Amino acid sequence: MACVIIVGTQWGDEGKGKIVDLLTERADAVVRYQGGNNAGHTVMFGEKTFILHLLPSGILRKTTSILGNGVVIDLAEMIKEIDELAQMDIAVEDHLHISDRAQLVMPWHKTFDRLGEEQKGKNKIGTTGRGIGPAYEDKVRRSGMRVGDLLEPELFKARLEEIVEEKNKLLELYYKSDEPSFSAEEIFSEFTAYLKILKPYIRDTPLLVNQMIEEGKNILFEGAQGTFLDVDHGTYPFVTSSNTLAGGACAGTGIGPTRINEVLGIVKAYTTRVGSGPFPTELLDNDGELLQSEGHEFGATTGRPRRCGWFDALLVRQAVRLNGITSMAVMKLDVLDKFDTLKIAVSYRLSNGEHTENLPRSLENVTPVLEEMPGWKCKSAGITEYDQLPREMLAYLERISELVGAKVSIISTGPKREETIVLNPDQFWL
Ligand code: IMP
């Protein structure tokens, strides 16, 4: 029996989708525990590329796939994703389960996400515009609506009418928008139609997950975004609105911390970030452009170019601590194939001149101190044997491992399933 959490150690886009897909081969279930369709998990197999935004990546392997209570769900987008998979002959009927306690992303959440960003002007967060922040806001202020509410149409309708009245006031008086107001009647009939499609998937998922654990099944918990987009531990306020950390998997699925056996940290061999916020090792020069072009660094959800920079050991060391990471999968090493020299941030110089090796609360106004290592200057893309990896790459991996305090268990040398080296297959049921 094993429960493994997969978590991003930087600002998301580390390549979690590929590793989840890989480990799903032998998993009995894959569970998402936070976020919504702001995520963009890219999975490649054969000549096909899939980008999943909301459904767990396990869905591609026809593994039991669960959207836990901590997820916020845009039903229209989910139905679209299910239809797109159906067109590629991937049916979800028998293996998709949606928590009856998950929050719904309502139409006003998307509107307020957009209007809120416009209002912030140059201080905007750079959200994905999917209504994620406003949906979590409503969850916490207890004016959200949950998937299970749909099962009681009369109650749903009454609550909807009450909430719509408040949201229309916000739209008109606070946002001073001349956009059409929300209609409880229209939304009710829209959501009634969604319920017809989705009713068979709605479940008491905490019960389902706990029963599977009791039966000794292998369960993968698929984190979305990354450690430094966590609402508590990330670069606040430039964060997403949920707990992306491994700890979030417990509250977000309804299991106890004693159930977790492994936390696999997904680490990109360099650093990227989409959206606003501090990024100490960001490169605004040719090296940054080379990382972006070699790594195809464009947001999977919004298509925005990702900001790129050197590997930051302070970030990942902090991620190892915050998540209790037991080992790491290092991704996209092949993107570094063309570099003569690689750099790693090993400490920061603070604005008062002092140095620190521990991540400070604010990453504004810090200067990274960079250590140099020789690049391997050869094609590593697609290597599947550990012994064939270039010497300099092994030295780079060893240094990263030493600096962040976690061992490497998986090495990825390309986007495809096959382009992966698993150092200790038993650890992950492979
Ligand atoms: P939100 O999650 O749409 O509210 O966006 C908040 C911040 O998180 C923005 O900087 C987004 O670019 C970032 N973000 C959200 N989801 C992802 C993701 O899956 N990968 C990378 N960044 C993300």
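Cut-offs applied
Residues numbered from 1 in each chain as written. Predicted model: local features only at pLDDT ≥ 70, side-chain atom pairs only at ≥ 80, totals over all residues. Heavy atoms only, no water. UniProt positions renumbered as here; feature names shortened; annotations may be inferred. Near = heavy atom within 4 Å. Polar contact = N/O pair within 3.5 Å; in protein donor to acceptor, adjacent residues only side chain to side chain. Areas by Shrake-Rupley, 256 points an atom, 1.4 Å probe, with all protein chains shown as cover. Domains from an automatic or database assignment. Phe/Tyr/Trp six-rings, centres within 6.5 Å; stacked < 30°, edge-to-face > 60°. Helix = DSSP H or I, 4+ residues; strand = E, 2+ residues; numbered from the N terminus. Buried < 20%, exposed > 50% of the residue type's maximum accessible area, 1.4 Å probe, protein only. Patch = residues over 30% accessible without salt bridge, like charges linked within 9 Å, V, L, I, M, F, W, Y side chains within 5 Å. Salt bridge = Lys/Arg side-chain N within 4 Å of Asp/Glu carboxyl O. Lys, Arg positive; Asp, Glu negative; His and termini not counted. Charge placed at Lys NZ, Arg CZ, Asp CG, Glu CD. Contact = heavy atoms within 4.5 Å. Buried area = accessible area lost by both parts, 1.4 Å probe.

An unreviewed UniProt entry lists the chain under the name Adenylosuccinate synthetase, with SAR324 cluster bacterium given as the organism. One UniProt comment on the chain, placed under Function (unreviewed entry), says "Plays an important role in the de novo pathway of purine nucleotide biosynthesis. Catalyzes the first committed step in the biosynthesis of AMP from IMP." Here is the UniProt Subcellular location (unreviewed entry) comment for the chain, exactly as written: "Cytoplasm".

Visitor: Any chance you could break down the site of the ligand for me, citing the residues and the numbers?
Guide: Around the ligand sit 16 residues, and of these D13, N38, T128, T240 and R304 come closest. At a separation of 2.6 Å, an oxygen atom of the ligand approaches a polar side-chain atom of T128. Here an oxygen atom of the ligand sits 2.6 Å away from a polar atom, N or O, in the side chain of T240. About the coverage of the ligand: the protein hides 96% of its 470 Å² of free accessible area. Domain assignment of the residues forming the shell around the ligand places at least three in each of domain 1 (2-91 + 204-428) and domain 2 (103-201).

Visitor: Help me get a handle on the packing of aromatic side chains, residues and values and all.
Guide: Counting across every chain of the model gives eleven aromatic pairs. A ring pair is formed by F156 and F188, whose centres lie 6.2 Å apart and whose planes are at 35 degrees; its orientation type is tilted. Linking F156 in helix 5 (residues 153-174) with F188 in helix 6 (residues 184-198), this pair joins segments that are 32 residues apart in sequence. Exposure class is identical for F156 and F188. Each is buried. These aromatic residues form a ring-pair network of at least three members: W108, F112, Y174, Y175 and F182.

Visitor: Describe a negative patch on the surface, and please don't skip the residues or the numbers.
Guide: On the surface, a cluster of negative charge is made up of E161, E185, E186 and E190. Among the elements that take part in the negative patch, helix 6 stands out by supplying three residues, more than any other. Its place among the elements puts E161 in helix 5. Classification of E161 by relative accessible area gives partly exposed; the value is 43%.

Visitor: A description of the domain arrangement of the chain should follow, citing residues and the corresponding values.
Guide: Domains assigned within the chain are domain 1 (2-91 + 204-428) and domain 2 (103-201). Computed from C-alpha atoms alone, the centre-to-centre distance between domain 1 and domain 2 is 30 Å. Taken together, the 27 residues of domain 1 in the interface contact 23 residues of domain 2. For domain 1, the biggest contributors to the area lost against domain 2 are V72, L75 and I79; these three give 28% of the whole. Run the count over domain 1 and domain 2 and you get one salt bridge. One salt bridge connects D74 with K110, and the closest N-O pair in it is separated by 2.8 Å. Those elements that place two or more of their residues in the side of domain 1 that touches domain 2 are strand 6 (72-73) and helix 2 (75-87). A total of five residues in the side of domain 1 that touches domain 2 trace back to one element, the largest contributor, which is helix 2.

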